[in-house]
Amino acid sequence: MIKETTIQSLLYVIVFAPLIGAIINGVFPRVLSRRAVSIIGVGLPAISFVATVLALVGFLGLRSADPTYTAVSASLFSWIVSGPISVDFALWLDPLSIVMTLVVTGIGSLIHLYSVGYMHDDPSYARYFSHLNLFLFSMLLLVLGRSLLLLFVGWEGVGLCSYLLIGFWFDDMDKAIAGKKAFIVNRIGDFGFLIAMFFLIFALGGSLDIPSLRAMVADPTSIFHSNTAMVTAVTLLLFLGATGKSAQIPLYIWLPDAMAGPTPVSALIHAATMVTAGVYMIARLNFLYVLSPVSMAVVATVGALTAIFAASIGLVQNDIKKVLAYSTVSQLGYMVLAVGVGAFGAGIFHLMTHAFFKACLFLGAGSVIHAMAGEQDIQKMGGLRKKMPITHITFLISTMAIAGVPLLSGFFSKDEILFSALALQHSSGTVAPWLNKLWFGLAIGAALMTAIYMFRLYFLTFSGELRSPDAHPHESPASMTIPLIVLATGAALAGYLGLPIPGKNLLHNWLAPVFAGGASAINNTGSHTLEYALMGVSTVVALAGIGLAWALYRGPWQHVPAKLQESLAGLYKTLVNKYYVDEAYNAVVVKPLIGGSKLLHRWVDAGLIDGIAVNGPAKALAYVGRTARRLATGDVQTYAAIFAIGVVLLVLFVM
Amino acid sequence: MSDIIAFSPVLLAAITGLIVMVLDLLSGKNTHKGFLGWVTAVGLLASGTAACLLWVGGREISLPFMVGMVQFDTYGAFFVTLIAIAGAASSLLIVDHNPEQGIHDGATYPLVAFATFGAMLFVVATDMILLFLGLEIMSLALYVLAASKQTSPFSMEAGVKYFLLGALASGFFLFGAAFLYGATGSLDFVTVGRTIQDAAAHGSGLSKVALVMIIAALGFKIAAVPFHFWTPDVYEGSPTPISAFMAGVVKAAGFAVLARMMLTIWGTAEFSSGWQSPGGILLILAVISMVVGNIMGIVQDNVKRILAYSSISHAGYILLGVYAIGLGEPGAVGISLNSGVPFYLLTYVLATVGAFGVLALMGGQGHEDMSLDSIAGLGKRSPILALILTISVLSLAGIPPLLGFMGKFVLFKQVLLADPDRNWVWVVVAVLNSLVALYYYLRIVLYVYFREPEGEAAPIIKSNAGLFAVSTMAVLVLLLGVFPGKAIDASNQASHHAVLSITEAQAAPAVQQESAPTPEPKQPLRLRQVDGLKVDPSHIPIIRRAMELKLRDSGPKPK
Amino acid sequence: MAEQIVFYILATGVLLGALAVVVPPFARNPLHAAVALLTTFSLMAGLFVMLSAHLLAILQIVVYAGAVMILFVFAIMLLNLRKQDFSPAKITAWKILGAAAAFLIATRIAMVAGAAVSTHTAVDLSLEQYSTFGSVHDVGIALATKYLLPFEITAILLLVAVIGALVVTRRQGGLR
């Protein structure tokens, strides 16, 4: 029997173990041997994982003793006490955060282990582990933070670590710029998050402490129920944050570029954990979101659109990691759709299964890239089945899971989302029923595409003959294959935690207390017959997609893709260029901003100051003479004139 | 005697200057003058410590000195401490920077000490004449310091520019003070404030013009648009430790005075509500400063210029906070709990001094190239300096958990609290601005870590003193960011007492009527009612305590 | 009446003198500009006399018209600037705007100041209790009592100015 105080101590261990690892590896990178770096870098996340399991056991014990037991709270210190705001630095362990923490520390530890093999020859080995541990720390803060503010600190922290890790191989300028792009796009989302917090506090008088906020919202006479417009604003602004972090339309553009980082980083941050933060946040605030049917509908629509949009781009990509990146965007769309229709449990369920199979896929891709000596173009691969048996098997299992082959994890979770999209309706009745059909249609379309592009990837990579004669692929070392095997097992079996049998759905029962507030506002209009019928439909869709992929890339119609490319050149080009979204952003947002700034610079700065910075000290001597003249004829007098004009304008304004 | 004790922190700074001057004369002509930097730093820190002791010692919260000339309350103590820290850091930065740049001059240190003294005097003064003296002592010393690198035409140009424009600003200040005297017949804040509030009807036109002129003069010191043009040129041209001093100390002092004036002189409805009021123009200045500062920052290629524009945009954020101060009535709870401005200044000063400090430690042996290229690859050449620069810059950008984020959070929160219905627009504008600003802050980080230097990079100055100064700043930024509680408490207390001591003085009968048996009736306490704002029940005790404290403090004092 | 006539003569002189300092053709020659400044200072002293501020008037003559102007003239003669050392005077848009701004400020202030003054009742300086107004005695009392602190702190301002002058003018080396 583990006591509550013990769980509280365990919470600190969970969160701070990775931080200690980050500090040790960050401060003494040159002192420690590679071996020591590995032990610290992998060991502390593992400690964190073990502590999580112990906390889970303790939590189960407490819950069996008292069925109403909901959460463990551990407050470290009083963080901000300022006027009407007081925020504790407090951690919060409830069923939802347990699931998330298990995913983060479990998969995180495996990926750290994998990195030992993958990053073996990298000169900045210690820096890599330091950043990765720091990421884990931030992510755990995000997941376990009791207040929105602490969640936000984690939220920004993971963004920063992501920036550092995407740009890890910064010798390549493109990679550094990709990191910067990710950070800035994320900050646009964070802007929404920050404003939402202000609105929440001041317009709604809400608390940043999530349990208190929940208690406030539970009161039907509170302002949250009367001021729906403000609740909609807050939830949509928070959702803007989620679109940044979870790579949804319109802010998904950073994720494909983020693949510039090392592959384990892509697996951990840009597939399994960080990008799911938005979904987690919405699920965490389910009680707030259900108050605004408009927000819910927006969330669901954005999710569904993202799912199909990204899947369609994924169909034509040739970079193995880019395909997986668009696949991630698309799967995140599913999760967002799920929480948008009110199926919070299904969203978290898919989040969990996705973490397994997508991490496995990325690590498998890493293994392939490793074996192919850095080659990422799938058109140059092929026939790796025999050379890399373990990678091949695990990759196949995960591919089948994501495509929705029955009895694998992805089948159950995706199916539940499809069903929810069709069947769940907001109890207010303000959401038009045809929207449900639209969401379902988009989702099933995306499911078909998923099966096609994933198996296209699989066939081009593993079957057939190797298409680049110079490569000498080989199986990866054990430190890389063991995580693959573990993750593939998870990808196969994780679905059984959420079997679609009434009352036997372990995950739903487990999460029910967390989503009680949200669930009460959602009506289930579907029957179990419908659910089983949909299972049949999605099985057919998955198999059809796989069959099509086989036919097009392995089977009889191999000439068709090239023909399609020709006959549908316009569409193909649009897809390859990702619908020109990056270009559009460049033209609409980036260029005007920089252009305006330059214009201002030319008018005000360069026109008056004529750029000392540009000339530099080399011209200093020639400058001496000019300085005197400038002082007499231009600058200072102009500055003084502007000063005086400013005063006049202000005076006139006031009078 | 208690007068002297109350004034001792400020006096200590002046004494430091005198001691350093004498030590400079006593030490031989060819001795290394670096030790003077340490003496200056110790002296200034002693002054800061004295301020803290007076504060913590739990003596009276305000010690009026010399009949309304000086008000040394916790508000003053807060800023004196902050200014002392920044001044000490700057003097430590000079220790090795100057010899490397070919400035072998012991006179720099007394000037830094006197400039700090001027800034402190500026902060604690509550009389226009003393205020002006503080302003001039600070400015005069800085004109010379800006030009102290005589081998560099840039430095000379910076000094002359700063001097000419500074003289113009001082002129406006004097005009303003004179008109204010003409309108109210007094020079000390309290009487001026009371007269303006009693007789808002007559003479208010003149006092409005006067206030605008004072705002313009202070706007020059804090580098608010459109009084900012000197900033990039002067920050760039001056020796970098002096830029740090200007960006840190001068701005903190300027804002401290502006905020105090906001509370005492024009904290009335007529002078601060609406657009067309001296308070309202602060809003205009705030918004254009933010926008212009950030947009201009994007296209700069020189790190010092980037930081200069960053400081302009930060002036915008803080001005927004000052504007919010005026939205409430003086002494209303909404204001007295307003820690936003002091706290933000704390976060800004530490980070900006840290950032300029790192730049001051680069470019040894006379190199003075501060283009972005010159910091390329700093991450490899000096990981510790790179880390400090990154922490400082990210804090300025407002990335949690660094101090800058807390500053923005607290400040914007209080701007919103002052008037939720209208101010949300400005908060959104400010947050959007900080988003734009991220671009140029990240450019610095990008160059530090992700770029290789082209050609021979400037050597880094080996300086224990400087390293000590900047790493202290970075550690403070990091630690206070994670544990901001105490700092926020302190700023709360400071601004709270700034209000209390002023309202107390205003409520007290004027000096001539000291024998009058009954004091004038106090204004009843009001909690500003804000539509749609629900006070968290758990905070009611805090608010009530604040109100009680105020009630007790503003009651008649036993003689 | 006579007082008013004297005032307007003095005030016009002050303004014209000040303009002559900065506006060509006078300003083209530094010595001419200095003389114009001297005129302004002296006539200003006259204005002070009219306000019964006798001490101030004397100080104005002694310090400004005397000491400060002598320094100016010395500096000008030592520099020995000639016409070609000056860049040609150019009228730029900013200068015009700046001049307009200055003019606007001046008129605006004149208006509000006039409005403010009209509400005040003038003090009759012929009364007994004001007989010592503006005298050395009164100014001295004020400086040694109420304004003692600013008076003393001015010493530091002067000290800073001295150090500053040394730093700016002297070549590299110690403080001596």
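Undergrad: Is there a simple way to think about the overall build of chain A in this case?
TA: The helix and strand tally for chain A stands at 29 helices and four strands. On C-alpha atoms alone, chain A measures out to a radius of gyration of 27 Å, which is about the 26 Å that the 2.2 N^0.38 rule sets for 655 residues. Along the first, second and third principal axes, the C-alpha set of chain A runs to 85 × 70 × 55 Å. Within chain A, the proportion of its 655 residues that are buried is 58%. For chain A, the share of sequence-separated contacts (at least 6 apart) that also reach a separation of at least 24 residues comes to 81%.

Undergrad: Which parts of the structure should I look at to understand the interface of chain B and chain C?
TA: At the interface, 34 residues of chain B touch 27 residues of chain C. Secondary-structure elements contributing two or more residues to the side of chain B that touches chain C are α1 (2-26), α4 (108-124), α5 (128-146), α6 (153-184) and α8 (204-222) of chain B. Ranked by residue count, the leading element in the side of chain B that touches chain C is α5 of chain B, at nine residues. Across the side of chain B that touches chain C, the residue classes break down as 23 nonpolar, seven polar and four charged.

Undergrad: I keep staring at the packing of helix α6 (residues 173-202) of chain A against helix α9 (residues 228-245) of chain A and nothing clicks. Help me out?
TA: Residue and element names in this part refer to chain A. At a minimum axis separation of 7 Å, α6 and α9 run at an interaxial angle of 155°. It follows from the interaxial angle that α6 and α9 lie roughly antiparallel. Judged by the twist between their axes, the crossing of α6 over α9 is left-handed. Contact residues: α6 offers V185, N186, I188, G189, D190, G192, F193, I195, A196, F199 and L200, while α9 offers M230, A233, V234, L237, L238, L240, G241, T243, G244 and K245.

Undergrad: Looking at this structure, how should I read α6 of chain B?
TA: Residues spaced three or four apart along an α-helix point in a common direction, a consequence of the helix completing one turn every 3.6 residues. End to end, α6 of chain B covers 46 Å across 32 residues, agreeing with the expected 46 Å (1.5 Å per residue, within 8%). After α6 of chain B finishes, the residue G185 of chain B shows a positive phi value of roughly 75°.

Undergrad: Is there a simple way to explain the nonpolar core in this structure?
TA: One recurring pattern in soluble globular proteins is that nonpolar side chains are buried together. Core analysis: the biggest nonpolar cluster contains 478 residues, and L337, A359 and A443 of chain A together with I83 of chain B have the highest contact counts within it. Among the elements that take part in this core, helix α20 (residues 433-462) of chain A stands out by supplying 18 residues, more than any other. Mapped onto the domain boundaries, this core takes at least three residues apiece from domain 1 (1-166) and domain 2 (582-654) of chain A. If we skip the residues at most four places from it in the chain, L337 of chain A touches A300, G303, A304, A307, I417, A421, W439 and A443 of chain A. A36, L37, A45 and A57 of chain C belong to the second largest nonpolar core, which has seven residues in total.

Undergrad: Sorry if this is basic, but what is going on with helix α16 (residues 344-371) of chain A here?
TA: Residue and element names in this part refer to chain A. With 28 residues, α16 ought to run about 40 Å at 1.5 Å a step, and its terminal C-alpha atoms sit 40 Å apart, in line with that. Along α16, the largest kink reaches about 25° and is centred on H354. Of all 28 residues in α16, 27 are buried, a share of seventy percent or more.

Undergrad: What should I look at first to understand the confidence of the model for chain A in this one?
TA: Do not read the fine detail of predicted coordinates wherever pLDDT is low. Of all residues in chain A, 93% attain a pLDDT of 70 or more, and the chain-wide mean is 82. Here helix α27 (residues 612-615) of chain A stands out as the least confident element of chain A, with mean pLDDT 38; helix α12 (residues 277-284) of chain A is the most confident, with 92.

Undergrad: Just to check I follow, could you spell out the environment of L424 of chain A for this structure?
TA: All names here are of chain A. You can see L424 is positioned in strand β3 (residues 424-426). Residues L424 and G526, 102 residues apart in the sequence, show an inter-C-alpha distance of 7.3 Å. Look past the residues within four positions of L424 in its chain and what remains in contact with it is V341, G342, A343, I522 and N524.

Undergrad: Sorry, what's going on with the environment of E3 of chain C here?
TA: Residue and element names in this part refer to chain C. Tracing the chain through its elements places E3 in helix α1 (residues 2-22). Owing to 8 C-beta atoms within 10 Å, E3 belongs among the exposed residues under this scheme. Along the backbone, E3 and L31 are 28 residues apart, and their C-alpha atoms lie at a distance of 33 Å.

Undergrad: Got a minute to help me understand the environment of L384 of chain A in this structure?
TA: All names here are of chain A. Positionally, L384 belongs in helix α17 (residues 384-387). Among the residues examined, L384 registers 23 C-beta atoms within 10 Å and is labelled buried. Between the C-alpha atoms of L384 and E475, which are 91 residues apart in sequence, the distance is 9.4 Å. The residues contacting L384, other than those within four sequence positions of it, are V368, H392, T461, F462 and P473.

Undergrad: Looking at this structure, how should I read unusual backbone geometry?
TA: Of all residues except glycine, most have a negative phi; of all peptide bonds, most are trans. Here the bond from I249 of chain A into P250 of chain A is cis, since omega is 5°, no more than 30 degrees from zero. Each neighbour pair has its own omega, and for P400 of chain B with P401 of chain B the value is 5°, a cis peptide bond. Positionally, P401 of chain B belongs in the loop between α17 (383-397) and α18 (403-418). For S52 of chain C, which is not a glycine, the phi torsion comes out positive at approximately 65°. With respect to the helices, strands and loops of the structure, S52 of chain C is situated in the loop between α2 (30-50) and α3 (54-79). We classify S52 of chain C as partly exposed; it has 13 C-beta atoms within 10 Å.

Undergrad: Help me understand the confidence of the model for chain B in this model?
TA: Residues and elements named next belong to chain B. Put simply, chain B has an average pLDDT of 79, and 79% of its residues get 70 or more. Of the regions scoring below 50 in pLDDT, residues 330-336 engages in 28 contacts with residues more than four places distant in sequence or in other chains. Segment residues 510-559: pLDDT under 50, and 49 contacts once partners within four positions in sequence are set aside and those in other chains are kept.

Undergrad: Looking at this structure, how should I read the packing of α16 of chain A against helix α22 (residues 506-519) of chain A?
TA: Working note: a packed helix pair is described by the angle between its axes plus the distance between those axes. Residues and elements named next belong to chain A. Between α16 and α22, the least distance of the axes is 9 Å, while the angle of their chain directions is 130°. When the interaxial angle is binned, α16 and α22 end up oblique. For the element pair α16 and α22, the recorded crossing hand is right-handed. The segment α16 lies against α22, with F344, G345, I348 and F349 engaging L507, H508, L511, F515 and G518.

Cut-offs used in this document
- Residues numbered from 1 in each chain as written.
- Chains lettered and ligands numbered in written order.
- Predicted model: local features only at pLDDT ≥ 70, side-chain atom pairs only at ≥ 80, totals over all residues.
- Helix = DSSP H or I, 4+ residues; strand = E, 2+ residues; numbered from the N terminus.
- Rg over C-alpha atoms; globule rule 2.2 N^0.38 Å.
- Buried ≥ 20, exposed ≤ 12 C-beta atoms within 10 Å, placed from the backbone.
- Contact = placed C-beta atoms within 7 Å.
- Nonpolar A, V, L, I, M, F, W, Y, C, P; charged D, E, K, R; others polar.
- Axes fitted to C-alpha atoms, helices over the stretch in contact; angles between N-to-C directions.
- Parallel < 35°, antiparallel > 145°, perpendicular 65-115°, else oblique.
- Left-handed = near helix turned anticlockwise from the far one by under 90°.
- Expected span 1.5 Å × (residues − 1).
- Core = buried A, V, L, I, M, F, W, Y, C linked by C-beta atoms within 7 Å.
- Domains from an automatic or database assignment.
- Bend = angle between axes of the 7 residues up to and from the residue.
- pLDDT = per-residue confidence, 0-100.

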